[in-house]
Amino acid sequence: MDTRNPARSPLALLTWIAVAVLGASALGGIALNRGESVNALWFITAALCVYALAYRFYAAWIAARVLCVDETRATPAERLNNGRDFVPTNRWVVFGHHFAAIAGPGPLVGPTLAAQFGYLPGTLWILIGGVLGGAVQDMVTLFFSIRRNGRSLGQMARDELGPIGGVAALLATFLIMVILIAVLGLVVVNAMKNSPWATSTVAATIPIAMIVGLYMRNIRPGRVLEGSLLGIVLLLLAVAGGGWIDQQPGLRDWFDHPGLPLAYAVIAYGFAAAILPVWLLLAPRDYLSTYMKLGTVLLLAAAIVWMHPEVKMPALTQFVDGSGPIFGGALFPFVFITIACGAISGFHSLIASGTTPKLLSNERDIRMIGYGGMLLESFVAVMAMVAATVLDPGVFFAINSSAGVVGKEAADAVAKISSWGFPVTVEQMSLLAQQMGEATLFARTGGAPSLAVGMASIFGSAFGQGMLALWYHFAIMFEAIFILTTLDAGTRVGRFMLQDMLGNLWPKLGQTSWYPSVLLTSGLVVTAWGYFLYIGVIDPNGGVNILWPLFGISNQILAAIALCVATGILVKSGKLKQAWITALPLLWLIVITSTAVWEKLSSNDVRIGFLAAARSLSDKLAAGTLPPEKAAIAPTLIFNQQLDAALALFFVCLLWLIVADMLRVCYRHLAQQPVPPLSEAPHQLTRLEEAWQRD
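Residues numbered from 1 in each chain as written. Predicted model: local features only at pLDDT ≥ 70, side-chain atom pairs only at ≥ 80, totals over all residues. Heavy atoms only, no water.

Colleague: Honestly, the overall build of the protein chain in this entry has me stumped. Any pointers?
Modeller: Check the secondary structure of the protein chain and you find 27 helices and two strands. For the protein chain, the C-alpha radius of gyration of 24 Å lies close to 26 Å, the compact-globule estimate for 695 residues. Viewed in the frame of its principal axes, the protein chain has a C-alpha envelope of about 70 × 60 × 55 Å. Long-range contacts, defined here as pairs at least 24 residues apart, represent 82% of the contacts in the protein chain between residues at least 6 apart. Across the protein chain, the 42 positively charged side chains and the 38 negatively charged ones have centroids separated by 9 Å. (Helix = DSSP H or I, 4+ residues; strand = E, 2+ residues; numbered from the N terminus. Rg over C-alpha atoms; globule rule 2.2 N^0.38 Å. Contact = heavy atoms within 4.5 Å. Lys, Arg positive; Asp, Glu negative; His and termini not counted. Charge placed at Lys NZ, Arg CZ, Asp CG, Glu CD.)

Colleague: Explain the nonpolar core to me, please; I cannot follow it from the model alone.
Modeller: Within soluble globular proteins, side chains that are nonpolar tend to cluster in buried spots. Core analysis: the biggest nonpolar cluster contains 215 residues, and Y51, F144, Y371, F397, L441 and W529 have the highest contact counts within it. By size, the runner-up hydrophobic cluster in this structure holds seven residues, among which are I538, A614, L626 and I638. (Core = buried A, V, L, I, M, F, W, Y, C linked by side-chain atoms within 4.5 Å. Buried < 20%, exposed > 50% of the residue type's maximum accessible area, 1.4 Å probe, protein only.)

Colleague: What is the right way to look at the environment of L331 in this model?
Modeller: Along the chain, L331 falls in helix α14 (residues 331-339). Residue class for L331 comes out partly exposed when judged on its relative accessible area of 27%. Not counting chain neighbours up to four residues away, the residues in contact with L331 comprise F117, P121, V320 and F336.

Colleague: Please explain the pattern of salt bridges as it appears in this structure.
Modeller: Should their charged atoms come close, side chains of opposite charge can pair. One pass over the full model with this rule turns up 13 salt bridges. A salt bridge links R364 to E71; its shortest N-O distance comes to 3.4 Å. Residue R364 is located in the loop between α15 (346-352) and α16 (366-389), and its partner E71 is located in the loop between α2 (41-66) and α3 (76-79); the two are separated by 293 residues in the primary sequence. For D365, the salt bridge is made with R91, and the minimal N-O distance between the two is 3.5 Å. With a gap of 274 residues between them, D365 in the loop between α15 and α16 and R91 in helix α4 (residues 91-102) connect regions that are remote in the sequence. Of the residues examined, D365 reaches a relative accessible area of 2% and is grouped as buried. One salt-bridge network, in which partners are shared between bridges, spans R73, R147, E363 and E680. (Salt bridge = Lys/Arg side-chain N within 4 Å of Asp/Glu carboxyl O.)

Colleague: Where do I start with the packing of aromatic side chains in this structure?
Modeller: For any two aromatic rings, the description comes down to two numbers: the centre-to-centre distance and the angle of the planes. Within this structure, the stated rule accounts for 23 aromatic pairs. Between F332 and W588, the aromatic rings sit 6.1 Å apart at their centres with planes inclined by 55°, giving tilted as the arrangement. Placement of the pair is F332 in helix α14 and W588 in helix α25 (residues 580-602), with a sequence separation of 256 residues. On the basis of relative accessible area, F332 is assigned to the partly exposed category, the value being 36%. Between the aromatic rings of F397 and W420, the centroid separation amounts to 6.1 Å while the plane-to-plane angle is 80°, which identifies the pairing as edge-to-face. Here W420 lies in the loop between α19 (410-419) and α20 (426-435) and F397 lies in helix α17 (residues 393-400), a separation of 23 residues in the sequence. Neither residue differs from the other here; F397 and W420 are each classed as buried. Within the aromatic cluster, the residues linked to one another by ring pairs are F319, F396, F397, W420 and F422. Sitting over the face of the ring of F57, R56 holds its NZ or CZ atom 5.8 Å from the ring centroid. Across from the ring centre of Y55, 4.4 Å away, lies the NZ or CZ of R367, which sits over that ring. (Phe/Tyr/Trp six-rings, centres within 6.5 Å; stacked < 30°, edge-to-face > 60°. Lys NZ or Arg CZ within 6 Å of the ring centre and 35° of its normal.)

Colleague: Just checking my understanding: could you explain the side chain of R147 for this structure?
Modeller: Assignment of secondary structure puts R147 in the loop between α6 (119-146) and α7 (153-161). Here R147 falls in the buried class, since its relative accessible area comes to 8%. Within the structure, R147 has its side chain in polar contact with the side chain of E363 (distance 2.7 Å). (Polar contact = N/O pair within 3.5 Å; in protein donor to acceptor, adjacent residues only side chain to side chain.)

Colleague: Teacher, can you tell me more about the packing of α4 against α16 here?
Modeller: Relative orientation of the contacting elements α4 and α16 amounts to 45°, with a least axis distance of 10 Å. Here α16 runs oblique to α4, going by the angle between their axes. As α4 packs across α16, the resulting crossing turns out to be right-handed. Residues R91, W92, V94, F95, H98, F99 and I102 of α4 touch α16, and the partners they reach there are M368, I369, G372, G373, M374, L376, E377 and V380. Residues of the contact of α4 with α16, tallied by class, amount to 10 nonpolar, three polar and two charged. (Axes fitted to C-alpha atoms, helices over the stretch in contact; angles between N-to-C directions. Parallel < 35°, antiparallel > 145°, perpendicular 65-115°, else oblique. Left-handed = near helix turned anticlockwise from the far one by under 90°. Nonpolar A, V, L, I, M, F, W, Y, C, P; charged D, E, K, R; others polar.)

Colleague: How do you make sense of the confidence of the model for the protein chain when you look at a structure like this?
Modeller: Close inspection of predicted coordinates is inappropriate for parts of the model with low pLDDT. Of all residues in the protein chain, 93% attain a pLDDT of 70 or more, and the chain-wide mean is 85. Counting interchain partners and residues more than four positions distant, the pLDDT-below-50 stretch residues 690-695 has 13 contacts. (pLDDT = per-residue confidence, 0-100.)

Colleague: How should the packing of α6 against α16 be read in this particular structure?
Modeller: Packed helix pairs are characterised by how far apart their axes lie and by the angle those axes make with each other. Viewed as axis vectors pointing N to C, α6 and α16 meet at an angle of 160°, and their least axial separation amounts to 8 Å. As summarised for this structure, α6 and α16 are arranged roughly antiparallel, according to the angle between their axes. In terms of crossing hand, the pair formed by α6 and α16 is right-handed. The class makeup of the residues in the contact of α6 with α16 is 18 nonpolar, seven polar and two charged.

Colleague: Honestly, the environment of I245 in this entry has me stumped. Any pointers?
Modeller: By the secondary structure assignment, I245 is in helix α10 (residues 224-246). Between the C-alpha atoms of I245 and T425, which are 180 residues apart in sequence, the distance is 30 Å.

Colleague: Can you walk me through the state of the cysteines in this structure?
Modeller: Cysteine pairs can be linked by a disulfide, which is a covalent bond between their two sulfur atoms. Following the criterion strictly, the structure yields zero disulfides and no others. Here C68 is not cross-linked by a disulfide; its sulfur's nearest cysteine counterpart is in C666, at 18 Å. Counting only cysteine sulfurs, C666 is the nearest neighbor of C564, a cysteine outside any disulfide, at a range of 7.9 Å. (Disulfide = S-S within 2.5 Å.)

Colleague: How do you make sense of unusual backbone geometry when you look at a structure like this?
Modeller: Note: most residues except glycine have negative phi, and most peptide bonds are trans. For the bond running from F332 to P333, omega is 10°, close enough to zero to count as cis. With respect to the element layout, P333 can be found in helix α14. The phi dihedral of H308 falls on the positive side, at around 30°, and the residue is not glycine. Assignment of secondary structure puts H308 in the loop between α13 (282-307) and β2 (310-311). Exposure remark for H308: the relative accessible area of 36% places this residue in the partly exposed category.

Colleague: Sorry, what's going on with a nonpolar patch on the surface here?
Modeller: Together, L13, L14, I17 and V21 line one region of the surface with nonpolar side chains, adding up to about 370 Å² of accessible area. Among the secondary structure elements, I17 is positioned in helix α1 (residues 10-32). (Patch = residues over 30% accessible without salt bridge, like charges linked within 9 Å, V, L, I, M, F, W, Y side chains within 5 Å. Areas by Shrake-Rupley, 256 points an atom, 1.4 Å probe, with all protein chains shown as cover.)

Colleague: Would you mind showing me how to read helix α27 (residues 628-670) here?
Modeller: Residues that lie three or four places apart on an α-helix share one face, since the helix turns once every 3.6 residues. A rise of 1.5 Å per residue sets the reference length of α27, with its 43 residues, at 63 Å; its end C-alpha atoms lie 63 Å apart and thus fit the reference within 8%. Of all the bends in α27, the largest measures some 50° and sits at A634, one to four residues before the proline P635. Two residues or fewer past α27, Q672 is found with a positive phi of approximately 60°. (Expected span 1.5 Å × (residues − 1). Bend = angle between axes of the 7 residues up to and from the residue.)

Colleague: What should I look at first to understand α6 in this one?
Modeller: Here α6 spans 38 Å end to end across 28 residues, near enough to the 40 Å set by a 1.5 Å rise per residue. Judged by how many residues are buried, α6 sits mostly within the fold: 25 of 28 residues are covered.

Following this line, the structure appears as structure tokens:
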């Protein structure tokens, strides 16, 4: 394919014009429709057309004219091949690894929570943010890391901007990673809470991954297909077996737990995943999760196309003013903060400058893996939005609104939700819970349960209503696999980052294979994110209102840091006229993160402001008006709100420091003053045969 000539024939030109017209029509139907239900098929059509056009033209232009991708140039995987970290790998295997690593809970949970504003704002941001922001960030970060021997984002910041911006980027990256992992744990805990079926199924995925790892390494080495089929069969049996366990009084009690014991179990799992050999748990889990993720995404897309359900959530709800029950905050800036990974994710920059650049065998695949991988994740986010909005709005809010907002009793909850104009009944919720194999679906905050209900409804309509409970718990397992693969990989990456930093104090601690250092740094990382997971679990409002905004702000700040480094490199490379491809999304992220932090610090609304919530709870505690169970944990909740405020302020200050340092370097470069030199590795011709003989 000639990326310099996107339309080489009249037929190709007419085809792309037809795609553009179809996509514009679908987007117009979604955006302009009022008062009538919208068919979900329009969402799929609009997304596919937008992605096809963006990949074929915008991404191709960036690769050819801005980055100047060179397929004859040897990559770090070839030049530094050591059979361990740097290994030339088939591009489809790399794509699978990359997608498994970047696809966490964000594209699933973020759009689900943002549906409280209606389907329109979130859908538009997923599409626009994905093609102009997220995919660009992923591709350019991957490219610059490959050109710099696979260096990490923090290392590139230190090399290209200097010690001030580099140290700030390293510190921000590590602390933000801690927040991201904590929220991953909170989502999976809320999905398993008091659900023996879900808990037993998710728990079974851990030994299954280890069995597959042992099978492919020791029992039947090289039998990848056999190991894959074994893992998939065992995962499906785990879902069915969870239903059987749920019906056994003696067994179900082993897996029926409230949030706190499950949080401790997730913390223990994170520690084990960080210290166990990568081939035993991480690698087989990532490998299996790729099959499950891609397979389920394709199955869900096929079911939506086949059934084309009607979207029942309105385009805009009354909660755009910030009064929403799921989380506080107005449409701007919080829809952009809440969606997070579905449109642009800073976490991706850690993967694009982590393992992926050490595996890629040819630069020509950067567009497919970097840009294309993000488009696939964005497509997952679109389908998550569809799955959430095909539910009756009353059901959606009943599942996602915490007991602290709508009341602990079912009658109080349905009365409150119905008063918003979204009617729902106790009988309706009881029947739905029974169909899904759950005791109750009220106040199952976190987004995962309502998404699972939406997916089960779509699958049930397409493949049989009699299997709703099975589909629901299959969806829970699907979401948990999304989350746990990112949680364990994130914990290990966090351990590597901490070892790098501590290695400056004592070189021995920087040795990633020295076991005392492995145990120490893994314990510190897990303790850090485990604390935030703990405060989210004990929060009476479900933790989402506290942690998800901080998660979104942190994630978008990390994306801004990646775009900041990329913009600086483009300017230093003589690409000032093309630097807008990263500078514009960077400017947007600076605006929305700074605005969100300002509101979280200054708002007097206790549902929005961290400090306002702390003051309100402190006053109630002093007045003795809190119930005993809440008064016991009030000091911890007050401290946590204040800590979240301090972290949000610290993160945004680090961002502005890095931006200022980048602007300083750019100004000095344009003024022909000394700046840190480009750290790009010298050009070397590839000798890999596969670089010239493509499928």
